[in-house]
Amino acid sequence: MKTTRPLLSALTVLLLASAPAVASCAFENKVPVKVSAAAFPAWKAVTSAMAECGNVQSELSQEFQEKQAAGFAAKPSLYHIGGVANSSLVPLVNQGLVRPLDDLVARFGQKLRPNQLIRVDGKVVAIAMMANAQHLMYRKDIFDTLGIAVPGTYGELLAAADKIQKANTVKYPFGGTWKTTWLEFVNMYMGYGGEFFTDRVQPAVNNAKGVAALEMLKKLTAYMDPEYLVSDATYVQQQFQQGRIAMANYWASRAAALDDPKESQVVGKIAMAAAPAPDKGLPPASTLWWDGIVIAKNISDAEAEAAFKVALEGMDADMVKANASAAIWLIEGYAADKLAAGAQATAANGAKPYPASTQMGLMQKAIANKLNDFLKGGKDARTTLADIEADYRVLAKEAGLL
Amino acid sequence: MKTRALLVFIAPSVVMMLVFIALPLTTVFWQSFHVSQPVFETVRVENCTTSFLSQVCTTEEKTRPVLGPDGKMQMRSSFVGLSSYANVLEMGKAFAALADRNWRALMAINFWKALRFTLTFTFLTLPIVLLLGVTLALAVDSAARSLRGSIIFVSLLPFIITPVIGALSIKWLFIGDGILTSLLETWLQRDVAVFAQSWSIELIMMFYRVWHVAPFAFLIFYASLQTVNRDTLESAIIDGASRWERVRYVVLPHLAPVLVFVTLIHLMDSYRVFEEIVGFSSQAHVISLQWLTYDFLKPDDSGNRSISRASASAMLTMIGVVVLLAPLLRRTWADFRGSRP
């Protein structure tokens, strides 16, 4: 997933695992299976569990998106299993490169939960394994000392940030992965109940909700590290671990790292809560993401069957038991711990799935192009939103949508 | 016979040029005037995604690309004239901003923002690189023979380091509470945030580029210094010329053609500044023309790319390089014509 990219994103991890089958796999796999997925801990856990079946070769890379579609388009496909997130599934489905899985699910997927089945046009195209969302993580010790209640809205969060800043206990009260400001805007705008499009493809962000979302982001920057525009997920992780920030709206998948005694100086001091809502009565300003697997279309049915069985072995209860804190698993046998509480509360409070689609990909780029000038003070909110819409139109015309 | 031998000798190089330069260039040129896009259809479909606890299904109208009988996306290609160029340049907006004398509005347009940085970067680093290169070369040339080897080795080190790695290491010295930022903070007794505004990032980028390419200039100048006419130098000393006068009237004229050469190379290279943007991850603050092309070309999360605009932007960069080099090339050409018997 793009947003969990480490600092050195070009770093490619190659896990070559063609060793003979070892225990804990229910069957011995004879068909060579190749996996392409992102390189973060959850994928490492799943692919090494797959490798136990034998003849599995995994290519984990943060640049997986750039080669996955091309690899799947080859005949035969260069990969059998693809690791995708809700956004990176879109190009594969658009180009017709993934295999409908309904019959394989019927034959082998008895243990799958219904909410693991991702359907497009009624057909199962992907099996989700984990969920992810940005939600509030905060330093419980600081909040307790200063007597601050957990903020449920951004108004309360700003008040809390102000109090923390005055108390001067940490360098910056608030942190965030604002290198991807587009996602911060998407989250906030959806929290205000905004819609991105009218008539499916016409942009519709230039409205009062858009202005409100922008103004709120601007207010938050006052409490952030001034280098917020270069701060990615790894940067925020280090800020937390080194005790330089008191709270952040941050990826659930990174929660375990904050409690890792090998890296973190704040073990046991971080608590999880739902993502705050922009205001009372509104849903949380966050979107729900998932990661899961797809099976390539351009391979033989026998290969697809082997790949599917291997994938299920990788995503079984044993793997979850061994890697319980690596992610918020959607897989049977997962017992939610305290690290998952924030993400679950965010979903329970009504956060929506990220609306991944072709036009949303374009919208995301348009926001990324135009938002930073507003945050840096070069443009007012209305001009920024008008510029986003104009940029989207250019992109959509070029892509053939308008 | 002579011409034939010449042809045979240059043939491989000509073929390579055609295949690896002329052909791609023609394709890019063609692409910048055309747009290829998938054919879309709108259908009512049921999609299901997951929240944490339940499955979320929605039935709605979706726009999706049409797949042809071969299972591939149906594409159509159309001639769009100069519209990709217009979309890169955004002249309407640029003129409006100029008419208002609104510099910030002009700098909000990606192309002009990138051009501003690219030109600043190119023309600020050029004199420093030349000066540093000449100074280093003169210094090494007059250093004791036994020291030269080690001095040359040390000064070449920055040139050996892979550009992206070099940029990353310098970024880590400064980003957040990096070592050098912390030092600056204790020294100045105030909060320093190098990556919070563009001028400080630009400064580091230029520092980095000079650090990285000055050894190249030094190497060329130093090599050229070895062929300075010693007799002329000696007679200059006998005539009572000071050290500065010897440099000014003997050494620099001798270096002139190499100065032009290093200038040419540096202009070409720095006009295509790219590694710095990626290495310092400065795209939120500072972008360059080459990075703009790359950004158009990079697929977004849903797999869309702006290939036509990327081509247009690449052509514009090439035109920029040609314009930049034209005066120098014309001079060299004139010298060449003049020196012919």
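Definitions and limits used
Residues numbered from 1 in each chain as written. Chains lettered and ligands numbered in written order. Predicted model: local features only at pLDDT ≥ 70, side-chain atom pairs only at ≥ 80, totals over all residues. Heavy atoms only, no water. Helix = DSSP H or I, 4+ residues; strand = E, 2+ residues; numbered from the N terminus. Buried < 20%, exposed > 50% of the residue type's maximum accessible area, 1.4 Å probe, protein only. Areas by Shrake-Rupley, 256 points an atom, 1.4 Å probe, with all protein chains shown as cover. Salt bridge = Lys/Arg side-chain N within 4 Å of Asp/Glu carboxyl O. Lys, Arg positive; Asp, Glu negative; His and termini not counted. Contact = heavy atoms within 4.5 Å. Polar contact = N/O pair within 3.5 Å; in protein donor to acceptor, adjacent residues only side chain to side chain. Core = buried A, V, L, I, M, F, W, Y, C linked by side-chain atoms within 4.5 Å. Domains from an automatic or database assignment. Disulfide = S-S within 2.5 Å. Phe/Tyr/Trp six-rings, centres within 6.5 Å; stacked < 30°, edge-to-face > 60°. Expected span 1.5 Å × (residues − 1). Buried area = accessible area lost by both parts, 1.4 Å probe.

I would appreciate a short explanation of the overall build of chain A in the present structure.
Within chain A, the secondary structure is distributed over 15 helices and 14 strands. With respect to the three principal axes, the spread of C-alpha positions in chain A is 65 × 50 × 35 Å. The proportion of buried residues among the 402 residues of chain A is 61%. Summed over its atoms, the accessible surface of chain A is roughly 13,900 Å², and 54% of this surface lies on carbon and sulfur atoms.

Explain the pattern of salt bridges to me, please; I cannot follow it from the model alone.
Note that side chains of opposite charge can pair when their charged atoms are close. Counting across every chain of the model gives 29 salt bridges over all chains. The residue E305 of chain A makes a salt bridge to R107 of chain A at a minimum N-O spacing of 3.0 Å. Within this pair, whereas E305 of chain A is found in helix α11 (residues 301-314), its partner R107 of chain A is found in helix α4 (residues 102-108), the two being separated by 198 residues in sequence. Since its relative accessible area comes to 24%, E305 of chain A is described here as partly exposed. E41 of chain B is paired through a salt bridge with R64 of chain B; the nearest N and O atoms lie 2.9 Å apart.

What is the right way to read the side chain of D391 of chain A from this model?
Residues and elements named next belong to chain A. Looking at the secondary structure, you find D391 in helix α15 (residues 381-399). Summary of buried charges: D391 has no salt-bridge partner, and the nearest side chain of opposite charge, K370, is 4.5 Å away. Residues contacting D391, with those up to four places away along its chain left out, are K365, A366, N369 and K370.

What exactly am I supposed to notice about the interface of chain A and chain B here?
By a widely used convention, the size of an interface equals the accessible area lost when the partners come together. Contact residues are listed per partner, giving 71 residues for chain A and 61 residues for chain B. On inspection of chain A and its partner chain B, the count reaches 9 salt bridges. One salt bridge in this structure joins E61 of chain B and R200 of chain A, with 3.6 Å as the shortest N-O distance. Inspection of the chain A/chain B interface yields 32 residue pairs in polar contact (both at pLDDT 80 or more). Those elements that place two or more of their residues in the side of chain A that touches chain B are α2 (64-73), α3 (89-94), β5 (117-120), β6 (123-139), β12 (287-295), α13 (341-348), α14 (358-375) and α15 of chain A.

Whenever I open this one, the nonpolar core confuses me. Can you help?
Nonpolar side chains in soluble globular proteins generally cluster together in the buried interior. Counting residues in hydrophobic clusters, the biggest one holds 70 residues, and the most contacted among them are I127 and W329 of chain A. The biggest single contributor to this core is β6 of chain A, with 9 residues. When residues of this core are assigned to domains, at least three map to each of domain 1 (2-131 + 289-343) and domain 2 (133-287 + 346-353) of chain A. Formed by 67 residues, the second largest nonpolar core is a distinct cluster that contains V134, L138, M205 and L233 of chain B.

Would you mind going over the state of the cysteines with me for this structure?
Among covalent bonds in proteins, the disulfide is the one between the sulfur atoms of two cysteines. Residues and elements named next belong to chain B. Tallied over the entire structure, the rule returns 2 disulfides over all chains. Two residues, C48 and C57, share a disulfide whose sulfurs are 2.0 Å apart. Its torsion about the S-S bond being 105°, the disulfide of C48 and C57 is classed as right-handed.

Would you mind showing me how to read the environment of P253 of chain B here?
Looking at the element boundaries, P253 of chain B is found in helix α11 (residues 243-271). For the pair P253 of chain B and L184 of chain B, spaced 69 residues apart in the sequence, the C-alpha separation amounts to 42 Å.

Explain the packing of aromatic side chains here, please?
Geometrically, a pair of aromatic rings is defined through the distance of the ring centres and the angle of the planes. All names here are of chain B. Following the criterion strictly, the structure yields 22 aromatic pairs over all chains and no others. With 5.5 Å between their ring centres and 45° between their planes, F117 and F121 make a pair best called tilted. In this pair, F117 and F121 both sit in helix α5 (residues 110-142), 4 residues apart, roughly one turn of the helix. Exposure class is identical for F117 and F121. Each is buried. Summarising the aromatic geometry, the rings of W291 and Y294 are spaced 6.4 Å apart at their centres and angled 55° between planes, so their arrangement reads as tilted.

Where do I start with helix α8 (residues 208-221) of chain A in this structure?
Owing to its 3.6 residues per turn, the α-helix aligns residues three or four sequence positions apart on the same side. All names here are of chain A. An ideal rise of 1.5 Å per residue puts 20 Å on 14 residues; α8 measures up with 20 Å between its terminal C-alpha atoms. Those residues of α8 lying buried are G210, V211, A213, L214, M216, L217, L220 and T221. Next to the buried residues of α8 lie α6 (154-167), β7 (172-176), α7 (181-191), α14 and α15. Where α8 starts, the residue carrying a side-chain oxygen 3.1 Å from the main-chain nitrogen of K209 turns out to be N207.

Even after reading the chapter, I still don't get the domain arrangement of chain A, so can you show me in this structure?
Residue and element names in this part refer to chain A. Along its sequence, chain A is carved into domain 1 (2-131 + 289-343) and domain 2 (133-287 + 346-353). In this structure, domain 1 and domain 2 have C-alpha centres spaced 29 Å apart. Every contact between the two is made by 14 residues of domain 1 and, on the other side, 21 residues of domain 2. When domain 1 packs against domain 2, close to 1,600 Å² is buried across both sides, 59% of that on carbon and sulfur atoms. At the junction of domain 1 with domain 2, the criterion picks out 1 salt bridge.

Sorry if this is basic, but what is going on with the environment of V39 of chain B here?
Residues and elements named next belong to chain B. Its place among the elements puts V39 in the loop between β1 (34-38) and β2 (40-50). The class of V39 is partly exposed, set by a relative accessible area of 21%. In this structure, the C-alpha to C-alpha distance between V39 and L67, residues 28 residues apart in sequence, is 8.5 Å. Not counting chain neighbours up to four residues away, the residues in contact with V39 comprise R64, P65, V66, Q74 and R76.

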